[in-house]
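Notes for the structure review
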Amino acid sequence: VCESSSSETSSSCPQDCAFELITTISGGVSSYANMFDINVKGSDNVVIDQIDINCKVAGTNNVEIHYRPGTYQGFETNAAAWVQLFNSAVDCESPGESTDSFTSVVLPVPVEISAGSYAFFVWVEQGIVYTRGIEEGLLYPGPGNHPHLDFFEGIGMSDKFSG
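Cut-offs applied
- Residues numbered from 1 in each chain as written.
- Predicted model: local features only at pLDDT ≥ 70, side-chain atom pairs only at ≥ 80, totals over all residues.
- Heavy atoms only, no water.
- Core = buried A, V, L, I, M, F, W, Y, C linked by side-chain atoms within 4.5 Å.
- Buried < 20%, exposed > 50% of the residue type's maximum accessible area, 1.4 Å probe, protein only.
- Helix = DSSP H or I, 4+ residues; strand = E, 2+ residues; numbered from the N terminus.
- Contact = heavy atoms within 4.5 Å.
- Pairing = 2+ DSSP bridges.
- Axes fitted to C-alpha atoms, helices over the stretch in contact; angles between N-to-C directions.
- Salt bridge = Lys/Arg side-chain N within 4 Å of Asp/Glu carboxyl O.

**Digging into the nonpolar core**
Ranked by size, the top nonpolar core spans 27 residues in total, and within it Ile38, Ile48, Ile53, Val63, Ile65, Ile113 and Phe120 carry the most contacts. Sorting the residues of this core by element identifies β1 (29-40), β2 (46-53), β3 (59-69), β4 (83-92), β5 (103-113), β6 (116-130) and β7 (149-157) as the ones contributing at least two each. If sequence neighbours within four positions are ignored, Ile38 has contacts with Ile48, Ile113, Gly116, Ser117, Tyr118, Phe120, Leu149, Asp150, Phe151 and Phe152.

So, in structure tokens, the structure goes:
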């Protein structure tokens, strides 16, 4: 988390500012895409430089990651409302239910976001594995939330911007 009060940027932010937001890894459900919302709390900026995914199929997969200010709700089928952060092939680890099965997708240009709500869209060509949530839009109840960031349950989708 970069301290806006000290004019830190993503390149000048000390390493001790780094943190991970970890959600459940129990899997059990798959689709080809996910949309979810996060909320950046307070006055500090958050820099997202990678997103870990759990691919359904090991090997080369094309992956796209997009984001937008605000929520995904109402924009599930509107690709023009999103900013693309990543579009490339990645070598996915073996699918599974342990943290060893996650594949880190490093963003070529980290995205720096300030206080407020943001939506993310992740598409994996051969499918993405995730855990069924309790209710769309519900604050994730697990240990992954951080004093600077909230993660909300989202939706699975059958294809890119398919609603």
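Structure's up, so let's keep going.
**Thoughts on the sheet that holds β4**
Pairing in this open sheet of five strands is antiparallel, and the strands run β4-β3-β6-β1-β7 from one edge to the other. Strand pairing shows two members of the sheet lacking a second neighbour, β4 and β7, which therefore form its edges. Recorded for the sheet is a direction-independent mean angle of 20 degrees between the axes of neighbouring strands. Pairing between β3 and β6: seven bridges, direction antiparallel. Note on β6: the bridge partner recorded for His66 is Phe121.

**Topic: the pattern of salt bridges**
In the structure shown here, the tally under the stated rule is two salt bridges. Note that Asp150 and Lys41 form a salt bridge whose closest N and O atoms lie 3.2 Å from each other. Linking Asp150 in strand β7 with Lys41 in the loop between β1 and β2, this pair joins segments that are 109 residues apart in sequence. What makes Lys41 partly exposed here is its relative accessible area of 28%. For Lys160, the salt bridge is made with Glu64, and the minimal N-O distance between the two is 2.8 Å. Of this pair, Lys160 sits in the segment after β7 while Glu64 is found in strand β3, placing the two residues 96 residues apart along the sequence.

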